[in-house]
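Working through the structure, step by step
The primary structure of each chain is shown beneath.
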Amino acid sequence: MRDMRSIRAATALALLLCVTARAQTTHVVQVLDNRFDPQHVTIEAGDTVRWENPAGGARHNVRADDMSFQSGGTETEFIFEHTFTEAGVNPYHCVPHRSIGMTGTVTVEGTAPPPSVPINPGHNGNWWSGPSRDGEGAQVEVAQAGGGNFVFVITIYSYAPQGGQIFLIGVGTPDGASVAIDLFITSGGEWGAGFDPAQTPQTQWGTGIVTSGGCDQLSISLTPNSEFQAQGYTAFTLNLQRLTTSSIPCPYEG
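Residues numbered from 1 in each chain as written. Predicted model: local features only at pLDDT ≥ 70, side-chain atom pairs only at ≥ 80, totals over all residues. Heavy atoms only, no water.

A few points about the sheet that holds strand E9 (residues 125-128)
Defined as follows: Strand pairing requires that DSSP identify at least two bridges connecting the strands. To qualify as a helix, a DSSP run of H or I must reach at least 4 residues; to qualify as a strand, a run of E must reach at least 2; elements of each kind are numbered from the N terminus. With axes taken as lines fitted to C-alpha atoms, and helix axes fitted only over the stretch in contact, angles between N-to-C directions fall between 0 and 180 degrees.
One closed barrel holds the eight strands; their spatial order is E9-E10-E11-E12-E13-E14-E15-E16, and the pairing between them is antiparallel. The mean inter-strand angle of the sheet, taken between neighbouring strand axes irrespective of direction, is 30 degrees. In this structure, strand E14 (residues 202-212) lies alongside strand E15 (residues 217-224), joined through seven bridges in antiparallel fashion. For Thr207, the partnering residue across the bridge sits in E15 and is Thr223.

So, in structure tokens, the structure goes:
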């Protein structure tokens, strides 16, 4: 455990030393009784907005007018994040309270730098979500699939809304710097000699879009389907940093 923490700390420090672009910022919007505070925020492309509905509040949610992002069903307590990468004005609202003026806007200025590296076998390895979400991460493998194409395989490890480890497994075909994947969640199973693969179903959890921000950064936009939204899962973006170095060069030259 101590060695793993040392690796994580060294990786995080190396990433900080290599960053030359403007640091991404998280902007907080409070979800209050029938209003967002602040109602209008202006951010830079690549920044994240985090909506916080405190415990004991009314039932609210967050939904873009064009449905490009949403926090799921109405809840009395939630935190929802979304990262904005394209310039423009993004109006949004609370579904049950839109008619009484519970609306807001996110104005995005500038243009996020385009991903410089397509998803490639150089992304293979272990990834984590940084000190603020230590304990979450992913394992990635990108392999040749014939005809010059790649197949992208990812296993995301995180936690259920009620606690307990979960694994989300996805497969897709990279399209440049991004890949759309269907995500499946595992369940059941038994330790040791009692293991039976027939008792470990993989149920579709939702979808994800993985985007390369270079050789050392990946982001995953996660959207649960209605079945898992009802269980408390919400849509959010998981930003990952490289934890281990692949023996395959990145960018890949094969």
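Don't stop here, the text continues.
Considering unusual backbone geometry
In the segment running from Asp37 into Pro38, the intervening peptide bond is cis, with an omega of 0 degrees. Mapped onto the secondary structure, Pro38 falls in the loop between strand E2 (35-37) and strand E3 (40-44). A cis amide bond links Cys250 with the next residue in sequence, Pro251, at an omega value of 0 degrees. With respect to the helices and strands, the residue Pro251 is situated in the segment after strand E16 (236-242). For Asn34, which is not glycine, the phi torsion reads 65 degrees and is therefore positive.

Side note on the environment of Phe152
Selection criterion: Relative accessibility decides the category of a residue: with a 1.4 Å probe and only protein chains considered, values under 20% of the type maximum give buried, values over 50% give exposed, and everything between is partly exposed. Contacts are assigned to residue pairs with any non-hydrogen atoms lying within 4.5 Å of each other.
For Phe152, the location among the structural elements is in strand E11 (residues 149-159). Under the relative-accessibility criterion, Phe152 is labelled buried at 1%. Spatially, the C-alpha atoms of Phe152 and Ala180 are 9.6 Å apart, while their sequence positions differ by 28 residues. What Phe152 contacts, discounting residues up to four positions off in sequence, is Ile119, Val140, Glu141, Val142, Gly170, Val171, Gly172, Pro174, Val179, Ile181 and Val210.

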